[in-house]
Every structure is written in structure tokens, then in C-alpha cells.
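# Architecture and fold: a report
Single-letter residue listing:
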Amino acid sequence: AIINGKVPIKGPQVNAVYDFWRYLSDDEKPQTTLSTKWTASGADPFSDLNSICEDIAKNVGLVPKELIMGTKVWRALRSFLVKDGKDTLDIRRIELGQIAPRAADANAVSYKGHLLDPDLDLYVYTGNYQGTDGKIHYYIPDDVAVIICQNAADYTYRAYGAVNIIDDVTGVTTMRTGARVPDSWVQQDSPSGQVVRVQSAPLMIISESRVFHTVLG
């Protein structure tokens, strides 16, 4: 949902896509494709980021606070920071004269520093999963960056769909709702015994999809 505004919904007799951007015009969609990649000659990532952040503040009324990047984006940005920017990157994270290092509190997230202009905390996220094609895919592709606005959590919440429960006596299937729905049945086959499981069908809802802005190289 964050990268392209879409979430696939699959299940028994269900194969759909929920589009969080369906009511937005092309100009309103929170996605920018850079005209010049940051690895190319003549690139100016600081000007690009400033322009995007200004547009977000002007058109959405939100304050950009964090930049989460794939590894290739970070390497490209870092090359400009090393070349141009002792005054651009505040690696000490000084706030009001106090040294206050920021530690990432989640797996696969690393904090890189604070960009002074525009005012953004920099993170790299390497979380990944194995797809049905057997290949490793990154939740944030390595050539993508996402700008996250202040208080983004206030615009997201988790909803839960119904799940199927089959009565082991009558064989009747019913739909039940809940965050986590317990189910139990007696299994005769080996290993025999009472089987207990919990089902859940979560879907993250973004009430203001423009709180996340995707930057594509």
C-alpha cells in the first residue's frame, strides 16, 4: 500500500486489489519519479527532496519527518553526503545542544543520521520475504525511498476481515469476525487428538494515503 497504493486481497473465491489511491488524480498521487537518478551525472538529491517535501506541506498540509530507503538509494545519497555535505548530515543527532543518538527499535532497520536540509531522519530498511516465485523480495525495493510525514501512525489502523470456520460435526461452514478467531476440532488421523488453531485476516487501512510519499529512481 505504501509503495503503489495497492493491497492484494486473496482467499477462497476472492482475488481482488484494494486501491488506496483510486480517488486521487495523477497529480495528487503520493509518488514521484525522479527525472534524473541520483546515480547519474547532474543529479541533485537535496534539491529533489526539498521540492518534494515542500509540495507535501503545500498540497497535503503534513510535515515530512523521515526518509526510509532501500540500500541502493542510501548508497547514492551517501555519495553526495560524503562529497558535499559536512553541513548537510548531522550524524551526531544534536538537538538543542544535546547529543541524542537515535537507535532503531525494529529488525532490519538501521538509522543513518539526520539530514538538515530538508529536515529528515534517515533510515535504511532491508526487511524481505520469499515470494511464490522462490525469490527474495524487499518490502521497500532497494531503488525506492519513502518519505513519511509526522504522526503517520495517526492515519493508519488495522482492520480484520471474517474467516471461515467449519463445524467438524455438521460440516457447515460459517463466517466469523474478530481480531483472532479460535477454532477447534478432533483429529482422528495420526497424530490424533484435539487440534486448536487461531485464524486472523488483518488488513492495514490508511485513512490518508498521502502521509507516505514514494520516490522512484
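One can find the structure itself at the top, above this paragraph.
## A few points about the pattern of salt bridges
- Counted under the stated rule, the structure contains five salt bridges.
- For D26, the salt bridge identified is with K29, shortest N-O distance 3.6 Å.
- On the basis of relative accessible area, K29 is assigned to the partly exposed category, the value being 29%.
- D183 serves as the salt-bridge partner of R197, at 3.7 Å between the closest nitrogen and oxygen. Of the two residues, R197 sits in strand β17 (residues 193-199) while D183 sits in strand β16 (residues 181-187), which places them 14 residues apart along the sequence.
- Judged by relative accessible area, which is 37%, R197 ranks as partly exposed.
- With a relative accessible area of 8%, D183 lands in the buried category.

## A word on helix α1 (residues 45-59)
- For α1, spanning 15 residues, the distance from its first C-alpha to its last is 21 Å, which sits close to the expected 21 Å at 1.5 Å a residue.
- Burial in α1 covers these residues: P45, F46, L49, N50, I52, C53 and I56. For α1, the arc enclosing every buried residue in end-on projection is 165 degrees, short of the 170-degree limit, so these residues lie on one face. Those residues of α1 that are exposed and aimed more than 90 degrees away from the buried face are E54, K58 and N59.
- Backbone geometry just downstream of α1 places G61 in the positive-phi region, at approximately 80 degrees.

## Comments concerning unusual backbone geometry
- Residue P118 is reached from D117 by a cis peptide bond, and omega for that bond is 5 degrees.
- Mapped onto the elements of the fold, P118 is located in the loop between β8 (109-115) and β9 (120-125).
- Positive phi values are uncommon outside glycine, yet N151 reaches one of about 60 degrees.
- Mapped onto the fold, N151 is located in the loop between β12 (144-149) and β13 (156-160).

## Some words on the packing of aromatic side chains
- In this structure the tally under the stated criterion is three aromatic pairs.
- Look at Y129 and Y139: their rings are 5.0 Å apart centre to centre, the planes differ by 40 degrees, and that puts the pair in the tilted class. Note that Y129 is positioned in strand β10 (residues 128-130) and Y139 in the loop between β11 (136-138) and β12, a separation of ten residues in sequence.
- According to the relative accessible area criterion, Y139 is partly exposed, its value standing at 46%.

## Focus on the environment of V172
- With respect to the helices and strands, the residue V172 is situated in the loop between β14 (163-166) and β15 (173-176).
- Contacts of V172, omitting those with residues within four sequence positions, involve I165, I166 and D167.

Definitions and limits used
- Residues numbered from 1 in each chain as written.
- Predicted model: local features only at pLDDT ≥ 70, side-chain atom pairs only at ≥ 80, totals over all residues.
- Heavy atoms only, no water.
- Salt bridge = Lys/Arg side-chain N within 4 Å of Asp/Glu carboxyl O.
- Buried < 20%, exposed > 50% of the residue type's maximum accessible area, 1.4 Å probe, protein only.
- Helix = DSSP H or I, 4+ residues; strand = E, 2+ residues; numbered from the N terminus.
- Expected span 1.5 Å × (residues − 1).
- Arc of directions from axis to C-beta.
- Phe/Tyr/Trp six-rings, centres within 6.5 Å; stacked < 30°, edge-to-face > 60°.
- Contact = heavy atoms within 4.5 Å.

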